[in-house]
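Chain residues, written in single-letter form:
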Amino acid sequence: MKLIQRAETKGFRYELIQGSADKEITALCYDSRELREGCLFVCMRGANFDSHSLLPSLAAAGVQIAVTDHDCALPEGLTVLRVADSREALSQLSAAWFGFPAEKLTTIAVTGTKGKTSTTHMIREILERAGRKTGLIGTNGITIGDCHRETKNTTPESYHLHEAFAEMVEAGCSCAVMEVSSQGLMLHRTGGICFDYGIFMNISPDHIGPNEHASFEEYLHWKAALFRQCRVGLLNADDAHTEEIIGNASCEKIWRFSTEHRPADFSAAGLRYAAEEGFVGLCFDFLSPEREALPVRVGIPGRFNADNALAALAVCSLIGAGREALSTGLQSVRINGRMEIANAAPFTVIVDYAHNAVSMEALLDTLREYGPRRLVVVFGCGGNRAKERRYSMGEIGGRKADLSIITADNSRFERVEDIIADIRGSIEKTGGAYLEIPDRREAIFYAVEHAEPGDMIAVIGKGHEDYQEIEGVRHHFVDREVVDEALKRRYGEKKS
Ligand SMILES: CC(=O)N[C@H]1[C@@H](OP(=O)(O)OP(=O)(O)OC[C@H]2O[C@@H](n3ccc(=O)[nH]c3=O)[C@H](O)[C@@H]2O)O[C@H](CO)[C@@H](O)[C@@H]1O[C@H](C)C(=O)N[C@@H](C)C(=O)N[C@H](CCC(=O)O)C(=O)O
Ligand SMILES: Nc1ncnc2c1ncn2[C@@H]1O[C@H](COP(=O)(O)OP(=O)(O)OP(=O)(O)O)[C@@H](O)[C@H]1O
């Protein structure tokens, strides 16, 4: 069966504008910079460019069929299809092109302003412990067995998504877990997929601005859209918007989880923060409808990681993971750049991706609960991005840390000193103590060299990133590596 007909069996609909749709296709393309002879090309209107404008040159470049979603000049010799939405069409065609691989996997989609990366990693960890080979897609890239590659987006474009699902099937995976961003939903990167499980972690104002969402209402609308394309919904009963999302959901079954003693199907009882020799993390009893209480150890600190772990345990329990996998699967979980502990004594350094006020506040609050002698935060803010983050992060640093060391992040095309001045202004209003060390490496070295027993140092904002972007150039820079170097300089090999 030809591509178009295969896609039609799963709901792809189009109007034939000219030519014949009954053609063999050699490739499916959506970017003229990666055109292949004999392909079907999906034209899309984007934030910067409208590839419908390329129609006149497509036939000459060997394109067989073009898919469009609005009026444009029609060149001769090219089959042109008209669809309601090109991005949705690309997703439906991609699924067909790769043989509908998502249907051969148990698919789990995680959405939320915060916690997507952490929760998806935890789910993979437990499922693999339970003997279910699981592919992973998200901000940290695509991981299938030992193979890993980076992705441009948290939720990749649909073509790359279905390509990854097909690779997972090929590699013998039975499950796929992925992060689904609101942009991914809005731009139909997951269009046409019906996930087996959809998970909602939380929502707070973020991703609002040019090229993202027009308002919080729009952001919420698109987050909620996941629950119109999954069979089972698992939602955080502690979030203020959960019931609204459930009200608009079309799932066959809804489950709730709560770490804050709200009515829910899954909960965490007796939560405590543990900082023992070789283990810094959380302990609690996992309560679920069909099991007796199960003691769980999560080897990653942070109050919010109780939410992430509970969501992961709940979905894995629904999928059928056994007691052993649930109880011990998260004991030694490590997530690149998320609450990574670089050293346990005599002081603790934590590298974390917190890069907005909400996650910075949650991070500093939760570290406070471990009772540090002093809490020091090393951070900066990105250049050429909304300035609001500088003011709000500065305020949180001033209010919640004993000392803020303000430094560079990805300054892009702005002067680091100007960004630091914006942050300084709001720290000063709080009366909090601060230092300015514009060079990020020097700032981290300073923090480590001056740390005293019992201190906690949080190096935040860049997490897993392996670069620092300055004036359009990405220089190699990994916070965790620099922390290790600083510890080595202070203590020699054994403490790093
Ligand atoms: C603003 C935005 O969302 N942009 C995304 C969008 O790009 P675009 O379609 O707007 O790009 P465009 O340059 O206008 O091009 C339009 C069309 O013309 C094609 N084209 C373009 C140029 C050309 O010469 N020839 C050509 O054919 C393009 O392939 C595209 O099909 O579609 C691309 C493919 O899916 C995305 O990679 C790109 O994400 C950019 C990189 C981005 O930063 N997006 C952010 C907002 C985002 O999506 N973030 C979320 C995470 C949010 C979270 O942390 O929760 C994510 O999922 O990553
Ligand atoms: N459930 C949570 N609630 C609030 N903050 C969280 C939660 N989980 C993690 N965080 C904080 O947010 C940061 C980002 O976490 P994570 O990468 O798991 O979330 P994400 O949804 O993938 O985020 P992003 O969209 O920013 O990549 C962490 O480094 C941590 O500081």
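Here is what the cut-offs are and how they apply
- Residues numbered from 1 in each chain as written.
- Chains lettered and ligands numbered in written order.
- Predicted model: local features only at pLDDT ≥ 70, side-chain atom pairs only at ≥ 80, totals over all residues.
- Heavy atoms only, no water.
- UniProt positions renumbered as here; feature names shortened; annotations may be inferred.
- Helix = DSSP H or I, 4+ residues; strand = E, 2+ residues; numbered from the N terminus.
- Buried < 20%, exposed > 50% of the residue type's maximum accessible area, 1.4 Å probe, protein only.
- Contact = heavy atoms within 4.5 Å.
- Core = buried A, V, L, I, M, F, W, Y, C linked by side-chain atoms within 4.5 Å.
- Expected span 1.5 Å × (residues − 1).
- Polar contact = N/O pair within 3.5 Å; in protein donor to acceptor, adjacent residues only side chain to side chain.
- Axes fitted to C-alpha atoms, helices over the stretch in contact; angles between N-to-C directions.
- Parallel < 35°, antiparallel > 145°, perpendicular 65-115°, else oblique.
- Left-handed = near helix turned anticlockwise from the far one by under 90°.

This part is about the UniProt feature "binding site: UDP-N-acetyl-alpha-D-muramoyl-L-alanyl-D-glutamate" (unreviewed entry) in the protein chain. Taking the numbering used here, the UniProt-annotated feature "binding site: UDP-N-acetyl-alpha-D-muramoyl-L-alanyl-D-glutamate" (unreviewed entry) corresponds to Ser32, Asn153, Thr154, Thr155, Ser181 and Arg189. A maximum C-alpha distance of 25.5 Å among these annotated residues, which run over 158 residues, shows that they spread across the structure rather than meeting at one spot. Tracing the sequence through the fold places Ser32 in the loop between strand E2 (27-29) and strand E3 (39-42). Assessed through its relative accessible area of 33%, Ser32 is described here as partly exposed. What Ser32 contacts, discounting residues up to four positions off in sequence, is Phe41 and Leu54. Its location among the elements puts Asn153 in the loop between strand E9 (147-149) and helix H5 (158-170). If near-sequence neighbours (up to four positions away) are discounted, Asn153 is found in contact with Gly138 and Arg189.

Once that is clear, we can look at the nonpolar core. Ranked by internal contacts, the top residues of the largest apolar core, which has 68 residues, are Ile123 and Ile199. Element by element, the count of residues in this core is highest for helix H9 (residues 304-319), at ten residues. Setting aside chain neighbours within four positions, we find Ile199 in contact with Ile108, Ala109, Val110, Thr111, Ile123, Leu226, Phe227, Leu234, Phe257, Ala311 and Val315. Ranked by size, the runner-up nonpolar core spans 33 residues in total, among them Ala102, Cys173, Phe200 and Leu226.

Let's shift gears to helix H11 (residues 357-368). Given 3.6 residues to a turn, an α-helix orients residues that are three or four positions apart in the same direction. An ideal rise of 1.5 Å per residue puts 16 Å on twelve residues; H11 measures up with 16 Å between its terminal C-alpha atoms. All of the buried residues in H11 are Ala357, Ser359, Met360, Leu363, Leu364, Thr366 and Leu367. Among the structural elements, strand E14 (266-276), H9, strand E18 (348-352), strand E19 (375-379), helix H12 (388-400) and strand E22 (456-460) are those in contact with the buried residues of H11.

Secondary-structure assignment places Asn410 in the loop between strand E20 (403-406) and helix H13 (416-430). Engagement of the side chain of Asn410 in a polar contact is seen with the side chain of Lys462, the distance being 2.9 Å. Residues within four places of Asn410 in sequence aside, it is in contact with Cys381, Gly382, Gly383, Lys462, Glu465, Tyr467, Gln468 and Glu469.

Once that is clear, we can look at the packing of H12 against H13. With their axes 7 Å apart at the nearest point, H12 and H13 run at an angle of 45 degrees to one another. The orientation of H12 with respect to H13, classified from their angle, is oblique. In the crossing of H12 with H13, the sense of the turn from one axis to the other is right-handed. Here Arg390, Tyr391, Gly394, Glu395, Gly398 and Arg399 of H12 lie close against H13, whose contacting residues are Ile419, Asp422, Ile423, Ser426, Ile427 and Thr430.

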